[in-house]
Amino acid sequence: VGELAKMALAGLSVDERSGPVALMGYSFGGIIAFEAASQLARQQIPVSLIIIDSVPVWLDRLRHLRTAWQAARRGNLAIGQRRLVEFFGGPVRMRPTPRSVEEAYLSAVHDFTPEPVEGVQALLVLSAENPAKADLVGEWQLLLGAGLIIAEVDGNHFTMMRDPNVAGLARK
């Protein structure tokens, strides 16, 4: 994730690097945008951030642990074992080229743990139908503190980005 954030920031011109910089990310892109904002903030560059329906990485790890446990309970030990090994049981052996988007995502988040950052003004936009809203808000508040503003838009993780809900998102 740190490398993805560095790659995203590499596209900034020298003038843009002096700030202020505005970043936005949706879903996993919100994690990358957060890390990019953290890197800029550590360099004392003013940054604002919009995070759209993004799950902090360790919450996603807990979700994968639940998936592993549920799969094992249903008798699908291969899936359960894979989830546990990838996140908690030992080294992950990834192919040089991931076979799927999920494999690439799991590889990217495996060792990444975000750290709280100060001085970033952030807007967290959540879908109204997100069942984990309270957890997400709490975790992002731990990372961003008082600089976090929370907004909600109609729809779920996917429909919030489509008409007619995307108009509400744009207004936020």
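Residues numbered from 1 in each chain as written. Predicted model: local features only at pLDDT ≥ 70, side-chain atom pairs only at ≥ 80, totals over all residues. Heavy atoms only, no water.

A. Expanded view of the pattern of salt bridges. As enumerated under the stated definition, the model contains three salt bridges in all. For the salt bridge of E3 with K6, the shortest nitrogen-to-oxygen distance reads 3.5 Å. Here the residue E3 and the residue K6 both occupy positions in helix α1 (residues 2-10), the gap between them amounting to three residues, near one helical turn. We classify K6 as partly exposed; its relative accessible area is 47%. With a closest N to O distance of 3.2 Å, K133 and E152 form a salt bridge. Of this pair, K133 sits in helix α7 (residues 133-144) while E152 sits in strand β4 (residues 148-153), and the two are 19 residues apart along the sequence. Accessibility expressed as a relative area gives 41% for E152, which makes it partly exposed. (Salt bridge = Lys/Arg side-chain N within 4 Å of Asp/Glu carboxyl O. Helix = DSSP H or I, 4+ residues; strand = E, 2+ residues; numbered from the N terminus. Buried < 20%, exposed > 50% of the residue type's maximum accessible area, 1.4 Å probe, protein only.)

B. A look at the pairing of strand β2 (residues 47-52). Alignment of strand β1 (residues 21-26) against β2, held across six bridges, turns out to be parallel. Its bridge partner lying in β2, V21 is registered against V47. With helix α3 (residues 28-42) bridging β1 and its parallel neighbour β2, the resulting β-α-β unit is right-handed. Direction of pairing for β2 relative to strand β3 (residues 120-127): parallel, over a ladder of six bridges. Along β3, the bridge assignment pairs I50 with L123. (Pairing = 2+ DSSP bridges. Right-handed = clockwise from strand over helix to strand, strands pointing away.)

C. Representation of the environment of L4 in the model. Inspection of the secondary structure assignment puts L4 in helix α1. L4 sits 32 residues away from A36 along the chain, and the two C-alpha atoms are 8.4 Å apart. Sequence-distant contacts of L4, that is, excluding residues within four places in its chain, are made with F28 and I32. (Contact = heavy atoms within 4.5 Å.)

D. Spatial organisation of the sheet that holds β2. If you trace the four strands from one edge of the open sheet to the other, you get β1-β2-β3-β4, paired in parallel fashion. Every interior strand has two partners, whereas the edge strands, β1 and β4, have only one. Averaged over all adjacent pairs, the angle separating strand axes in this sheet is 15°, with direction ignored. The strands touched by α3 are β1, β2 and β3; relative to β1, the strand with the most contacts, the crossing angle is about 155°. Where α7 meets the sheet, it contacts β2, β3 and β4, and its direction lies at approximately 170° from that of β3. (Axes fitted to C-alpha atoms, helices over the stretch in contact; angles between N-to-C directions.)

E. Layout of α7. Compared with the 16 Å implied by 1.5 Å per residue over 12 residues, the 16 Å span of α7 between its first and last C-alpha is a close match. Taken as a whole, α7 has its buried residues at L136, V137, E139, W140, L143 and L144. Just downstream of α7, G145 is the residue with a positive phi angle, here 60°. (Expected span 1.5 Å × (residues − 1).)

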